[in-house]
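A structural walkthrough
The chain contents come next:
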Amino acid sequence: MSARCQLTGAEPRFGNTVSHSHRRSRRRFNPNIQRRRYWLPSEGRHVRLTLSAKGIKTLDAIGIEKAVARIRARGGKV
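A few words on the side chain of Ser-52. With respect to the helices and strands, Ser-52 occurs in strand 4 (residues 45–52). Exposure remark for Ser-52: the relative accessible area of 5% places this residue in the buried category. Apart from residues lying up to four places away in sequence, Ser-52 is in contact with Cys-5, Thr-8, Ala-10, Asn-32 and Ile-33.

If you want it as structure tokens, here you go:
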């Protein structure tokens, strides 16, 4: 599973781990990705989405129909 949100497009960021002696090593900040299943009434079926925590909150606010429309507008497959 890729670490990318289908709704918000959140993906890993990169940075440094800085030790007490100030040595730096590369690290990766992954988004909080969850796989969720939602009922899509317009198509009469369930859809499984890979969403970040922020994406889940956004979906709750705008609704599943608008969220699926946004994902499809970005070229995503649902």
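We now examine the nonpolar core. A general tendency of soluble globular proteins is for nonpolar side chains to be buried together. Counting residues in each nonpolar core, the largest one holds 14 residues, and the members touching the most others are Leu-7, Tyr-38, Val-47, Leu-49, Leu-51, Leu-59 and Ile-64. When residues of this core are traced back to their parent elements, those giving at least two are strand 3 (33–40), strand 4, helix 1 (53–62) and helix 2 (64–73). If sequence neighbours within four positions are ignored, Leu-59 has contacts with Leu-7, Tyr-38, Leu-49, Leu-51, Ile-64 and Ala-67.

Contact geometry of helix 1 with helix 2 gives a least axis separation of 6 Å together with a crossing angle of 125°. It follows from the interaxial angle that helix 1 and helix 2 lie oblique. Of the residues in helix 2, those in contact with Thr-58, Leu-59 and Ile-62 of helix 1 are Ile-64, Lys-66, Ala-67 and Arg-70. Here the residues of the contact of helix 1 with helix 2 sort into four nonpolar, one polar and two charged.

All right, on to the pairing of strand 2 (residues 24–29) then. With six bridges connecting them, strand 1 (residues 13–18) and strand 2 associate as antiparallel partners. Paired with Thr-17 across the strands is Ser-25, a residue of strand 2. Counting the residues that bridge the hairpin from strand 1 to strand 2 gives five residues, and of these His-22 lies at a positive phi of roughly 75°.

Each value, and the rule that gives it
Residues numbered from 1 in each chain as written. Predicted model: local features only at pLDDT ≥ 70, side-chain atom pairs only at ≥ 80, totals over all residues. Heavy atoms only, no water. Helix = DSSP H or I, 4+ residues; strand = E, 2+ residues; numbered from the N terminus. Buried < 20%, exposed > 50% of the residue type's maximum accessible area, 1.4 Å probe, protein only. Contact = heavy atoms within 4.5 Å. Core = buried A, V, L, I, M, F, W, Y, C linked by side-chain atoms within 4.5 Å. Axes fitted to C-alpha atoms, helices over the stretch in contact; angles between N-to-C directions. Parallel < 35°, antiparallel > 145°, perpendicular 65-115°, else oblique. Nonpolar A, V, L, I, M, F, W, Y, C, P; charged D, E, K, R; others polar. Pairing = 2+ DSSP bridges.

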